[in-house]
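# Analysis of the macromolecular model
Here's the letter readout for the chains.
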Amino acid sequence: MEKKSVSVENVVTSTEIENLEINVEVLQTEITESDTARIRISYSNRGDDPIEMNIDPDVPAPLSSSEEESGLLLLSDGYDPTRASDECWKPQEEGFPQPAVANQYPIEPEQTVGLEYDIWVNAGQEATCIEPGEYQFEPNKGKFVLIVDDV
């Protein structure tokens, strides 16, 4: 497996939730056979009143990119997938359930809540390894693009 590197661009903060700021940070940039890339999505309340968000900071729900083919899947530590092979970051599982109920988590004024995710190939895709490309995500009314490049 060739090494790959992940970067982020085009982070668009929410336009529908007033005073909410979204930041995306790449914590681990390289994808190798032994490690995958890791990101943090942070939600900051820049207003004077609490903002109710549909998030669970303890076990963030899986987040899929919007591409039809060769998409990516973001999984938190709350999920423990089995790798389909030792060389690639594709889960053996067919899919990951989304929480059935909304988690109304309050973000207090001037508080920032970070959700961390590992990057995997989307389980339902034909691709077996993470492919170079641009992948768009739309969490909680925000938007960002992850870019995967060969190193």
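Quick note: structure is the one above.
Each value, and the rule that gives it
Residues numbered from 1 in each chain as written. Predicted model: local features only at pLDDT ≥ 70, side-chain atom pairs only at ≥ 80, totals over all residues. Heavy atoms only, no water. Pairing = 2+ DSSP bridges. Helix = DSSP H or I, 4+ residues; strand = E, 2+ residues; numbered from the N terminus. Disulfide = S-S within 2.5 Å. Buried < 20%, exposed > 50% of the residue type's maximum accessible area, 1.4 Å probe, protein only. Polar contact = N/O pair within 3.5 Å; in protein donor to acceptor, adjacent residues only side chain to side chain. Contact = heavy atoms within 4.5 Å.

A few words on the sheet that holds strand β9 (residues 112–121). Spatial strand order, β2-β4-β9-β7-β6: 5 strands in an open sheet with antiparallel pairing. The open sheet has two free edges, formed respectively by β2 (20–28) and β6 (63–64), since each of these has just one partner strand. Sheet topology note: the β6/strand β7 (residues 72–75) ladder contains 2 bridges and is antiparallel. Across the sheet, S64 pairs through a bridge with L73, a residue of β7.

Quick look at the environment of Q125 now. Note that Q125 resides in the loop between β9 and β10 (133–137). A C-alpha to C-alpha distance of 6.7 Å links Q125 and G71, two positions 54 residues apart in sequence.

With the rule as written, the count across this model stands at 1 disulfide. The partner cysteine of C88 in its disulfide is C129, sulfur to sulfur 1.5 Å. Of this pair, C88 sits in the loop between β7 and β8 (104–107) while C129 sits in the loop between β9 and β10, placing them 41 residues apart in sequence. We note that C88, like C129, is buried.

Turning to the sheet that holds strand β1 (residues 4–12), a few remarks are in order. Hydrogen bonds between backbone atoms are what pair the strands of a sheet, whose relative direction is either parallel or antiparallel. The 4 strands lie next to each other as β3-β1-β11-β10, forming an open sheet whose pairing is antiparallel. In this open sheet, the two edge strands, each paired with only one partner strand, are β3 (30–31) and β10. Relative to β3, β1 is paired through 2 bridges, and the arrangement is antiparallel. Considered in β3, the bridge of K4 is made with I31.

Looking now at the side chain of N122. Summarising the element assignment, N122 is placed in the loop between β9 and β10. A distance of 3.5 Å separates polar atoms of two side chains, one belonging to N122 and the other to S64. For N122, the contacting residues outside a window of four places in its chain are S64, G71, L72, L73 and K90.

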